[in-house]
Every structure is written in C-alpha cells, then in structure tokens.
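Analysis of the macromolecular model
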Amino acid sequence: MWRNKEARNYKDKKRRSKLKEGNAEAMHKYFVRMQKDKGDFFYAMDHDEDYRLHNVIWVDAMSRELYKEFGEVVTFDTTYLVNKHNMPFAPFVGVNHHGQSILFGCGLILREDTASFVWLFETFLSFMFDSHPNTIITDQCRAM
C-alpha cells in the first residue's frame, strides 16, 4: 500500500509528463506578448529546479481596476474545473454592485498543497497593489 507522499509524488510525475515543454513555453510566449501589447498585464510562472511548470497566475488591467473597486470580498475555489493536464483552475472572483460575478485573476496549480496556495495568494496580492481583501471565501481546503 502506498503512503500519501509516494502517491502524491507519483501523481505529480504523471501531471508533469502530461504538461509538455511546448505547452508551458507557448503559454509563456503568449504572456510575454500580452505584457508587451498591454503594459498592464501581469503574470508569474512558478517552476522547479528543472524548469518544469508548477503554478501560473495571470491578471489583466481591467481585473486590477475592478479589484480596486470591488475587492473587499474574493471567492476562490479550485474544486470544479481541472484542465487536460490535471492542473486545477484557480479563479479569483468578486461581485460588482449589480450582483454580477467579476474575474480578478486566474491561476493553474500543479497540486492543492499549502506551498502552492501560499505562492498563488502572495503573487495575486502583489499584482493587486498589496491590498488585502476583507474576506476570502474558499472551499475550505485544508491546505489553505
């Protein structure tokens, strides 16, 4: 019987093998182009010592402006969508004064562990003027 760490390492290895170098490279090229074309586009990519992608986050100018106005409460939930690479999608969402959902930023994470969440939240805050929301609503994942 596998122990938790062995099982997690096996799953991570499988995920990394599915995320081909070309995919991460193509994403990086796209983000560089977006940042060049729209100076207020922010992204960060977290990788291991072998430059294998672990986590990524991106935020555009409109999302930053919306966060200034409506960033008091943020919802964050990774439970409902996983891409073909088995990387959970991590949207930061708020609500405007019309009751409409608004997207503050997006991320993909390799695994739902404390280190990934800390990296994601700290990077998100740095993109958002280091302005902390009053409340974050989550799915109550233990790692958070």
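Please refer to the structure higher up on the page.
The paragraphs below set out a description of the structure included in this document. These numbers were taken from a predicted model, which means no experiment stands behind them.

1. Considerations on the overall build of the protein
Looking only at helices and strands, the protein features 4 helices and 6 strands. The order of helices and strands in the protein, counted from the N terminus, is α-α-β-β-α-β-β-β-α-β. Within the protein, residue pairs in contact and separated by at least 24 positions form 56% of the contacts whose partners lie at least 6 positions apart. For the protein, the accessible area works out to roughly 9,200 Å², and carbon and sulfur atoms hold 51% of it.

2. A word on the nonpolar core
The biggest cluster of nonpolar side chains holds 21 residues, and the ones touching the most others in it are Ile-57, Tyr-67, Phe-76, Phe-92, Phe-104, Leu-120 and Phe-124. Looking at this core, the elements that each hand over two or more residues are β2 (53–59), α3 (61–70), β3 (73–76), β5 (101–109) and α4 (114–127). The element contributing the most residues to this core is α4, with 7 residues. When sequence neighbours within four positions are dropped, the list of residues in contact with Phe-76 reads Ala-90, Pro-91, Phe-92, Phe-117, Leu-120, Phe-121, Ile-136, Ile-137, Thr-138, Asp-139 and Met-144. Counting 10 residues, the second-largest nonpolar core is a separate cluster that includes Ala-24, Met-34, Tyr-43 and Leu-108.

3. Some details on the pairing of β5
Of all 9 residues in β5, 7 are buried; the element is thus mostly enclosed. As paired elements, β2 and β5 share 4 bridges and run antiparallel to each other. Bridge pairing links Ile-57 to Gly-107 in β5. As paired strands, strand β4 (residues 92–95) and β5 are joined by 4 bridges and run antiparallel to one another. The residue of β5 that forms the bridge with Val-95 is Ser-101. What sits between β4 and β5 in their antiparallel hairpin is a turn of 5 residues, with Gly-99 showing a positive phi close to 80°.

4. Topic: the pattern of salt bridges
Following the criterion strictly, the structure yields 5 salt bridges and no others. The salt bridge partner of Asp-40 is Arg-64, with a shortest N-O separation of 2.9 Å. Of this pair, Asp-40 sits in the loop between α2 (21–37) and β1 (42–47) while Arg-64 sits in helix α3; the two residues are 24 residues apart in sequence, bridging distant segments of the chain. On the accessibility criterion, Asp-40 (30% relative accessible area) is partly exposed. According to the relative accessible area criterion, Arg-64 is buried, its value standing at 9%. Linking Lys-68 and Glu-65 is a salt bridge whose minimum nitrogen-to-oxygen distance equals 3.2 Å. With Lys-68 and Glu-65 both in helix α3, this residue pair falls 3 residues apart, about one helical turn. Exposure remark for Glu-65: the relative accessible area of 41% places this residue in the partly exposed category.

The rules behind each value
Residues numbered from 1 in each chain as written. Predicted model: local features only at pLDDT ≥ 70, side-chain atom pairs only at ≥ 80, totals over all residues. Heavy atoms only, no water. Helix = DSSP H or I, 4+ residues; strand = E, 2+ residues; numbered from the N terminus. Contact = heavy atoms within 4.5 Å. Areas by Shrake-Rupley, 256 points an atom, 1.4 Å probe, with all protein chains shown as cover. Core = buried A, V, L, I, M, F, W, Y, C linked by side-chain atoms within 4.5 Å. Buried < 20%, exposed > 50% of the residue type's maximum accessible area, 1.4 Å probe, protein only. Pairing = 2+ DSSP bridges. Salt bridge = Lys/Arg side-chain N within 4 Å of Asp/Glu carboxyl O.

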